[in-house]
Amino acid sequence: MVAHLVRLKLTLLRNMFRRSRAQAIGVVFAVVYFGFLVVAMAFGAASLRVDLGLAVDIIPVAGAVAVVLWSLVPLFSFGSDPTLDPARFATFAVPPRQLAIGLIAGALVGLPAIATMLISAGVMVAWSHTVLSTLVGIVSTAVAVLTAVTMSRWVSAVATAALSSRRGNDVMGVLALILLVLLSPVLIVLSNAGGDYLAVVRSVSSVAGWTPLGWAWAAPGDIALGHTVVGLLRLALGVAFLWALGVLWLRALTRQVENPRSAARSGSATTADGDLGLLDRGPDTPTGAVAMRVLVYWWRDPRYQAGMLLTPFVPLALLIPYFTSDVRWVTLLMAPLLAFMMAWGEHNAVAYEADAFWMHVAAGTPGLADRRGRLVPSLLVAVPLVIVYAVAGAALAARFDLLAVVLGLSVALLGTAYAVSSVLSVVLPYPVAKPGESPFSTPPGATGITLAAQTVAAISSVVLSAPPIVLALLAWSGAVWAVWAGAVVGLVWGVMLFEIGVRVGARVYERRAPELLASLTAN
Amino acid sequence: MSEPSMTESQTTERGTSSTAASAPADLPAPRGGPAAGPAVAIRGLGKRFGDVIAVKGIDLDVPRGSFFGLVGPNGAGKTTTLSMVTGLLRPTVGQAFVLGHDVWADPVAAKRLLGILPDGLRTFDRLTGLQLITYSGLLRGMPRELAAERATELVNALGLASAQGKLVVDYSAGMTKKVTLASALIHGPRVLVLDEPFEAVDPVSSATIRSILADFVGSGGTVILSSHVMDLVERICSHVAVIADGRVLAHGGIEEVREGQSLEQRFVSLVGGTTQVEGLSWLRTSSD
């Protein structure tokens, strides 16, 4: 079983290069780029060998962060791998214990795991001071990597089960809030540090080293420093934690295998006879129908909710530098950032519909109706939020004189990024979780094309809004005339590019709708 | 840009739909002028997927007012052919015409005349049944009032009335088929292309669908359907085409194609498979 799963993952890895030429190039590009990054980080970790004190300060906290990232990143962006979704194995008579081990082994064969292992190899080098510290370094780093992977599997399994129920949606909202609340102690610690970041890292690291996430990462450092008993204790604790996680994972997996349907369905809604719901609200045109249908999906499809729940909060991250250092103006960026994120988020809109898109093709829906209608719900959320963030940002920064140009820039970014999304969602759709699948899964082997499309969308949106950006920069640097010029130009620019983008998108859509459908069906 | 004209044609049609209300299934009557030429004409249609040639040049005429069955073994190219005829999949070579409109040169005109039930494609299943049917009408530019009115009629005719408020994702396979069929009917098409319409449908619903289709053909519409079930095709179709390995092996009126045999016998002899099963001895429990 374990061998089968590993072989399956290897085949999937190889198949990444077997897609269309453009996609294969995207994969190669991504692998080379991240390959460099990972190798550089591995060497960086290995070079900590020369400074044991620094290694003891950095590695436990970095390791603990890595474990957290392993658990959280799949939830929010790239998604976990559906080949490893336990519910898929429900119809095969595989003993849960074997399946649990097999799925962990399968998770180890994948680009994120390979990257982690490469960097961990660097960490092992960093601990090679004495024979004992080398040995413990190898064992406990391996334990730490396994901890990261097992915890990631367990969190995904629990989150999938939670989010697919109606109550789970609320749980997700609460989780997002908790994350925000957790930010504040971090802010306080950082703001009190007053510049001595190494001291902060040192104190955080000593705390992290005594949490379950850091036990295994910190153990070799103790040995290398001569605290053999403490080191072995931490190693034992780390192994015990891994074992506990394994038990939790096995339990979650057994539950999912025995009751797979609960993972894929959300609570059923029933409406009264003759009730068209939202479809009865919008304007009586195909555009209105598309817009209202997308809104219904936002309401009922967990895949949209995961993103929609977080994007509006992203600009709050700018409060970190605001509170921790003296860069007061940074809050001015909240509205432009939100505008960009919201509009950029639409760049793969069609892919979420998967092959249900055939209804649009079969109906010969006009391109303009399809393109416009899809953007309406996002606009309905983005416009009020942009205004709120712009005013709040200007108030926090005490720069109401710049409010006009901030609004102008936000509108420009909003319009431009919507324009890019409108074209790109037809030209370069990439695979996403299918309707009914866990919102936290991404199709295997799609990392390359995903990165390529996301990068193209982001860069072209920024490049295309260069004139308003330049004006905004001038206004910020003190040119009073540029404030109003930036506001007017930004407004006109955003509206104009939105229109152009939607029209170009509509034309491409009308020419390429069948090809688009074919690529959605194939994925 | 074609929105206004579409709305207009649908509005004028609203007058005629009241006469159709007397039809047994309460369905809108098919629109259109007098019959001339085939309902669907397929000319040299072919499709290549990489190294695989799925459809190898098909020529076929589907007469107006016919109940046309497309039969063939698994992987014969039925779904590929129907997708190319309905504008869902671009052909590598060849043309397809629906009532004289080239599907690939003038898709808007052709699609307005077509109602499609694809096989194995998802629908917008987070909508309720009623919402989905209405949405299909709205996408085609129908006024909401008319779309909602017809959607309710269709829901009643297809026996989905009690499930109209449930999400389509919670429907059974047969109910999903029916709701998709209703979505294909709402704009009053003149040619219906149905891929495996009876699969997973219970006998009562199957009879309902058959009577709706018979009425549709009786009032001048054309139905093309694909199926594996020879008995069914033999019973309800007026014309049939047998395709295998991407080619048409035989086509014409059902009596013509049968040549005195049952359709199933004729099919097996045309396709040239064997029904003899070898091996699998371990499946026979008596050998224990």
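Given the structure is predicted, the values throughout are model-derived calculations rather than measurements.

**Quick notes on the overall build of chain B**
Counting secondary structure elements, chain B contains 10 helices and 10 strands. Counting over 288 residues, chain B shows a buried share of 50%. For chain B, contacts bridging at least 24 residues in sequence account for 68% of all contacts bridging at least 6.

**Points about the overall build of chain A**
In terms of regular secondary structure, chain A is built from 21 helices and zero strands. Taking all 523 residues of chain A together, 48% fall into the buried category. In chain A, the share of contacts with a sequence separation of at least 24, taken over all contacts with a separation of at least 6, comes to 81%.

**Concerning the packing of helix 4 (residues 129-139) of chain B against helix 5 (residues 144-157) of chain B**
For any two helices packed against each other, the geometry comes down to the angle between their axes and how far apart the axes lie. All names here are of chain B. Their axes nearest at 9 Å, the elements helix 4 and helix 5 cross at an angle of 135°. Relative to helix 5, the element helix 4 lies oblique. The handedness of the crossing between helix 4 and helix 5 comes out as right-handed. Facing Gly129, Leu130, Ile133, Thr134, Gly137 and Leu138 of helix 4, the residues of helix 5 in contact are Arg144, Ala147, Ala148, Arg150, Ala151, Leu154 and Val155. Tallied by class, residues from the contact of helix 4 with helix 5 come to eight nonpolar, three polar and two charged.

**A short note on the nonpolar core**
Note on soluble globular proteins: their nonpolar side chains tend to be buried together. One finds Ala339 and Ala343 of chain A together with Val40 and Val223 of chain B to be the most contacted residues of the largest nonpolar core, which totals 173 residues. Aside from chain neighbours lying at most four places away, what touches valine 223 of chain B is Phe67, Phe68, Leu192, Leu194, Leu213, Phe216 and Val217 of chain B. Membership of the second largest hydrophobic core comes to 52 residues, among which are Trp127, Ala159, Ala218 and Ala219 of chain A.

**Describing the sheet that holds strand 7 (residues 191-195) of chain B**
All names here are of chain B. A sheet is described by the order of its strands in space; here six strands give the open sequence 6-7-8-3-9-10, paired in mixed fashion. Two strands lie at the open edges of the sheet, namely strand 6 (114-117) and strand 10 (247-253), each paired on one side alone. Each strand axis lies, on average, 15° off the axis of its neighbour in the sheet, ignoring direction. Across five bridges, strand 3 (residues 67-71) lies against strand 8 (residues 222-227) in parallel orientation. Each bridged residue has a counterpart across the sheet, and for leucine 70 the counterpart in strand 8 is serine 226.

**Topic: the pairing of strand 8 of chain B**
Residues and elements named next belong to chain B. Burial of strand 8 is extensive: six of the six residues sit out of reach of the surface. Neither face of strand 8 is open: one carries Thr222, Ile224 and Ser226, the other Val223, Leu225 and Ser227, and all of them are buried. Where strand 7 meets strand 8, five bridges bridge the pair, whose relative direction is parallel. Opposite valine 191, over in strand 8, you have threonine 222 as the bridge partner. You can see the chain leave strand 7, run along helix 7 (residues 203-218) and come back into strand 8, and the turn it takes is right-handed.

**Quick look at the sheet that holds strand 1 (residues 40-49) of chain B**
Residue and element names in this part refer to chain B. One open sheet accounts for four strands, arranged 2-1-4-5; its pairing is antiparallel. Taken across any chain shown, the strands that pair with only one partner, and hence form the sheet edges, are strand 2 (52-62) and strand 5 (101-102). On top of the sheet, helix 2 (residues 78-85) reaches strand 1, strand 2 and strand 4 (93-98); it is set at about 120° to strand 1, its chief contact.

**A short note on the interface of chain A and chain B**
Between chain A and chain B, the residue contacts involve 40 residues of the former and 41 residues of the latter. For the side of chain A that touches chain B, the per-class residue count stands at 22 nonpolar, 10 polar and eight charged.

**Remarks on the packing of helix 17 (residues 367-397) of chain A against helix 18 (residues 403-427) of chain A**
Residues and elements named next belong to chain A. In contact at an axis separation of 10 Å, helix 17 and helix 18 are set at 160° when each is read in the N-to-C sense. Considered as vectors, helix 17 and helix 18 are oriented roughly antiparallel to each other. Note on packing geometry: the crossing formed by helix 17 with helix 18 is right-handed. Along its contact with helix 17, which presents Arg371, Leu375, Ala382, Val386, Ala390, Val391, Gly393 and Ala394, the element helix 18 presents Leu403, Val406, Leu407, Ser410, Leu414, Tyr418 and Ser422. Its residues assigned to classes, the contact of helix 17 with helix 18 comprises 11 nonpolar, three polar and one charged.

**A look at unusual backbone geometry**
Residues and elements named next belong to chain A. Positive phi is not limited to glycine here, since alanine 398 has a value of about 55°. Inspection of the secondary structure assignment puts alanine 398 in the loop between helix 17 and helix 18. Residue class for alanine 398 comes out exposed when judged on the 10 C-beta atoms lying within 10 Å of it.

**Things to note about helix 17 of chain A**
Residues and elements named next belong to chain A. Between its first and last C-alpha, helix 17 extends 43 Å over 31 residues, near the 45 Å set by a 1.5 Å rise per residue. Where helix 17 bends most, the angle comes to about 35°, and this point is serine 378. Alanine 398 sits one or two positions beyond helix 17 and adopts a positive phi of about 55°.

**Digging into helix 9 (residues 215-225) of chain A**
Residues and elements named next belong to chain A. Within helix 9, 10 of the 11 residues are buried, which leaves the element mostly enclosed by the surrounding structure. Of the positions making up helix 9, those classed as buried are Trp215, Ala216, Trp217, Ala218, Ala219, Pro220, Gly221, Asp222, Ile223 and Ala224. Phi turns positive one or two residues past the end of helix 9, at glycine 226, with a value near 100°.

**So, the environment of tyrosine 304 of chain A**
All names here are of chain A. Its place among the elements puts tyrosine 304 in helix 13 (residues 302-310). According to the C-beta neighbour criterion, tyrosine 304 is buried, with 20 such atoms within 10 Å. Apart from the residues within four sequence positions on either side, tyrosine 304 is in contact with Tyr297 and Trp298.

**A look at the confidence of the model for chain B**
Residues and elements named next belong to chain B. The share of residues in chain B with pLDDT of 70 or more is 84%, and the mean pLDDT across the chain is 83. With pLDDT under 50 throughout, residues 1-35 is counted as low confidence; its partners more than four residues away or in other chains account for 54 contacts. Overall fold confidence (pTM) sits at 0.71, and the ipTM for the predicted complex is 0.83.

**What about the pairing of strand 3 of chain B?**
Here is the key point about a regular strand: its side chains alternate between the two faces of the sheet. All names here are of chain B. Judged by how many residues are buried, strand 3 sits mostly within the fold: five of five residues are covered. In strand 3, alternate side chains face the same way, and those of Phe67, Gly69 and Val71 on one face and Phe68 and Leu70 on the other are all buried. When strand 3 meets strand 9 (residues 239-244), the two strands line up parallel, connected through four bridges. The partner of glycine 69 across the bridge, within strand 9, is valine 240.

**Details of the confidence of the model for chain A**
Residue and element names in this part refer to chain A. On average, residues of chain A score 82 in pLDDT, and 84% of them are at 70 or above. Ranking the elements of chain A by mean pLDDT puts helix 11 (residues 261-264) last, at 47, and helix 18 first, at 95. A low-confidence stretch, residues 262-268 stays under pLDDT 50, and its non-local contacts, those more than four residues away or across chains, total 22 contacts.

What counts and what doesn't
- Residues numbered from 1 in each chain as written.
- Chains lettered and ligands numbered in written order.
- Predicted model: local features only at pLDDT ≥ 70, side-chain atom pairs only at ≥ 80, totals over all residues.
- Helix = DSSP H or I, 4+ residues; strand = E, 2+ residues; numbered from the N terminus.
- Buried ≥ 20, exposed ≤ 12 C-beta atoms within 10 Å, placed from the backbone.
- Contact = placed C-beta atoms within 7 Å.
- Axes fitted to C-alpha atoms, helices over the stretch in contact; angles between N-to-C directions.
- Parallel < 35°, antiparallel > 145°, perpendicular 65-115°, else oblique.
- Left-handed = near helix turned anticlockwise from the far one by under 90°.
- Nonpolar A, V, L, I, M, F, W, Y, C, P; charged D, E, K, R; others polar.
- Core = buried A, V, L, I, M, F, W, Y, C linked by C-beta atoms within 7 Å.
- Pairing = 2+ DSSP bridges.
- Right-handed = clockwise from strand over helix to strand, strands pointing away.
- Expected span 1.5 Å × (residues − 1).
- Bend = angle between axes of the 7 residues up to and from the residue.
- pLDDT = per-residue confidence, 0-100.

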